Structure formats: structure tokens, C-alpha cells
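Observations on the three-dimensional arrangement
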Amino acid sequence: MCRKEERGIAFCEIGASREPGGQVAKDFSSSNRQVHLLVIDGQLDICINGQTRRLHRGNFVDGIHQSISLRRTSPDARAYVLVLTENYLADTLKDRMPFSPAYLMHNLADPVHAVAQDGFRTILRGMERIRQSIFGMSSRFADDILQQKLLIYLLELAEILETDNVLPSSLEMGKKRELFIAFMQTIPLHIKKEHTVNFYAGCLHVTPQYLRRIVKEFSGQSAYYVISHYLNREICKLLSDTRLSLQEIADELHFSDQAVLSKFFKRINGTSPLKYRNERK
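Residues numbered from 1 in each chain as written. Predicted model: local features only at pLDDT ≥ 70, side-chain atom pairs only at ≥ 80, totals over all residues. Heavy atoms only, no water.

Here we come to unusual backbone geometry. Backbone geometry places His 205, a non-glycine residue, at a positive phi of 60 degrees. Among the structural elements, His 205 can be located in the loop between helix H6 (197–204) and helix H7 (208–219). (Helix = DSSP H or I, 4+ residues; strand = E, 2+ residues; numbered from the N terminus.)

Structure representation (C-alpha cells):
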């Protein structure tokens, strides 16, 4: 059972009554989506960034812009999958970031969490409420209710994953970890004007080569990829929330011209800025 919402949220249920045992072809990969997967019963084999992991009851996957595909399920397997586009997530949170840089750092390295029983029940309840809204009867306030349920779910999720002994003690800050967190905190402050690794390395008083190595070590992504992710988010916000022309957006974000902005946007999103804007009217 799977349903996609035009506004950017999808819910899938994987279970013995819906999916046969054995090979299952499901790919949740995307550069601009967040995937939450909760194993309710049985076993699932998933591939995360090319690595196969076996999941059991109580395992929760928080896949932020990572390659995730479902490979195999046991006959008794059951799981919920929630997929959120970056823009829908940003619109729900409205610049409120419930997850700390320390959690994000750990999650980029390993998005699979073993959740305690109380946390498992809370996450399961939150996902079921979201499922009810997505598949339930439509009403005047259906979209608003869904977003409020999602917000509560995300806030509860942050509290569970950050305080319920999910983060390992090895996350005590060392110099490399501190540098990575500083990088992640510095990007939003300057992203509208600065798009280069060299600039952020200068802010942090390290060489660009060293910064690239540290970011790759902790996130699995290149420093330029991370910067591009934040820049793309700013473009999406301006396209969705303002009436600025493409040239005005290019000027706002310090692109040389709108053609360069359009090329950058299409490379990441697979569509043109104007088509993206028109689809959200």
C-alpha cells in the first residue's frame, strides 16, 4: 500500500499480506528526499549507499539524501516507510530544526538506529497517525492536520533519537568532529553569497583539502555536495515563496546570471526552475 501526495509526502506499508517474501524491488533513493523506515516485525534487507544491512523489529532508518533500496523481506516482515521531499519538510518545520548537529553528523555516518521499546511505540504511533491522515477522508483542513501530525512526529522523533541512548558515547567531540559541525553551522549563515569550499575553509581556518577530507569522512559526501544541497534549498524557497524572477533570484543568491542558476538547479532536481515553480502554484 503506497500513496504519494502532490505536496511531497508519501507513505508505504510493507507487510506479509502486501509483499511476497523474497526479492522485492523498491527504491527510495533521491537527492532531495528524506526516508524514514520502521521495522515492525520480521527482517528486512536494505541497501544503504551500496552497503547491505539486515534490519529487525525496532530498527529505524533515518535516510537523509541517501541511496536506500529494499532488497529482501522475510515472510513475516512488516514495516512502515515515510518519504518526505525536502521542500515539504522545510515547509512543515518552518526553519525549526529539531535535530542537533551532533545527531546529523552521526546519522550521515550511520542512518540505522536501534530504538528502545518506549521510543518504538511512540514512532509507530506517530507514523500511524500520519498514515491515517494520508489515506483518510479529505476535508477542508486535511493538509493542515497532516502537517501538524508530521510536526509532532518529527519533534517526538528528535527527542527519542537524541536522548534515548541512540547516540553512541563515541560522539564526544574531537577536533575533527568539531570542525565538521562548525562547517554545517557556518553554511546557512553565508550560503546566499558564498558557494565555494575555499570560502568555508577560510572561515574555519583550515585548508580546502583538509576540509574536504573531514566532510567526506563524517558525511560520506563531498563538501561541494553539502554546500550545493543548502544552496538548492534556498533556490526552492525563493521559487515557492516569492514572486521574484529567475534573474532576481540569481542576483539574490549571487549567481553570475539566470542561465547558470537554471543549469545548477536542473542538474540537482532534474527539472527547470520555471517548471518547478509552476508545479507548485
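Turning to helix H1 (residues 86–93), its buried residues are Glu 86, Tyr 88, Leu 89, Thr 92 and Leu 93. Summarising the axial view, the buried residues of H1 lie within an arc of 165 degrees, below the 170-degree limit, and thus occupy one face. Looking one or two places after H1, you find Lys 94, whose phi comes out positive at around 50 degrees. (Buried < 20%, exposed > 50% of the residue type's maximum accessible area, 1.4 Å probe, protein only. Arc of directions from axis to C-beta.)

A few words now on the pairing of strand S5 (residues 44–48). Within S5, five of the five residues are buried, which leaves the element mostly enclosed by the surrounding structure. Two elements, S5 and strand S6 (residues 51–55), share five bridges in a ladder whose sense is antiparallel. Residue pairing in the sheet places Cys 47 in a bridge with Thr 52 of S6. Examined bridge by bridge, S5 and strand S8 (residues 68–73) share five bridges and lie antiparallel to one another. What sits directly across from Leu 44, in S8, is Thr 73. (Pairing = 2+ DSSP bridges.)

Looking now at the side chain of Asp 62. By the element assignment, Asp 62 lies in strand S7 (residues 59–64). In terms of polar contacts, Asp 62 uses its side chain to reach the side chain of Gln 34, at 2.9 Å. The residues touching Asp 62, leaving out its near neighbours within four places in the chain, are Gln 34, Val 35, His 36, Tyr 103, Asn 107, Pro 111, His 113 and Leu 161. (Polar contact = N/O pair within 3.5 Å; in protein donor to acceptor, adjacent residues only side chain to side chain. Contact = heavy atoms within 4.5 Å.)

Oppositely charged side chains can pair when the atoms bearing their charge come close. Throughout the structure, instances matching the rule amount to seven salt bridges. Between Arg 57 and Asp 41 there is a salt bridge, and its shortest N-O distance comes to 3.6 Å. Taken together, the positions of Arg 57 in the loop between S6 and S7 and Asp 41 in strand S4 (residues 33–41) put the pair 16 residues apart, joining distant regions of the chain. As a salt-bridge pair, Asp 91 and Lys 94 come within 3.5 Å of each other at their nearest N and O atoms. A relative accessible area of 30% places Asp 91 in the partly exposed class. Note on Lys 94: relative accessible area 53%, which makes it exposed. What emerges from the salt-bridge pattern is a single network uniting Glu 13, Arg 78 and Arg 131. (Salt bridge = Lys/Arg side-chain N within 4 Å of Asp/Glu carboxyl O.)

With that settled, the discussion passes to the packing of aromatic side chains. Each pair of aromatic rings is reported with the distance of its centres and the angle of its planes. The full count for this structure, using the stated rule, is six aromatic pairs. Residues Phe 11 and Phe 135 carry aromatic rings whose centres are separated by 6.3 Å and whose planes lie at 85 degrees to one another, so their mutual orientation is edge-to-face. With Phe 11 in strand S2 (residues 9–15) and Phe 135 in helix H3 (residues 117–135), this residue pair connects regions lying 124 residues apart in the sequence. Here Phe 11 falls in the buried class, since its relative accessible area comes to 0%. The partly exposed category is assigned to Phe 135, whose relative accessible area is 31%. Between Phe 199 and Tyr 200, the ring centres sit 5.1 Å apart and the planes meet at 90 degrees, which makes this aromatic pair edge-to-face. Here a set of aromatic residues connected by ring pairs shows up, and it is made of Phe 11, Tyr 80 and Phe 135. (Phe/Tyr/Trp six-rings, centres within 6.5 Å; stacked < 30°, edge-to-face > 60°.)

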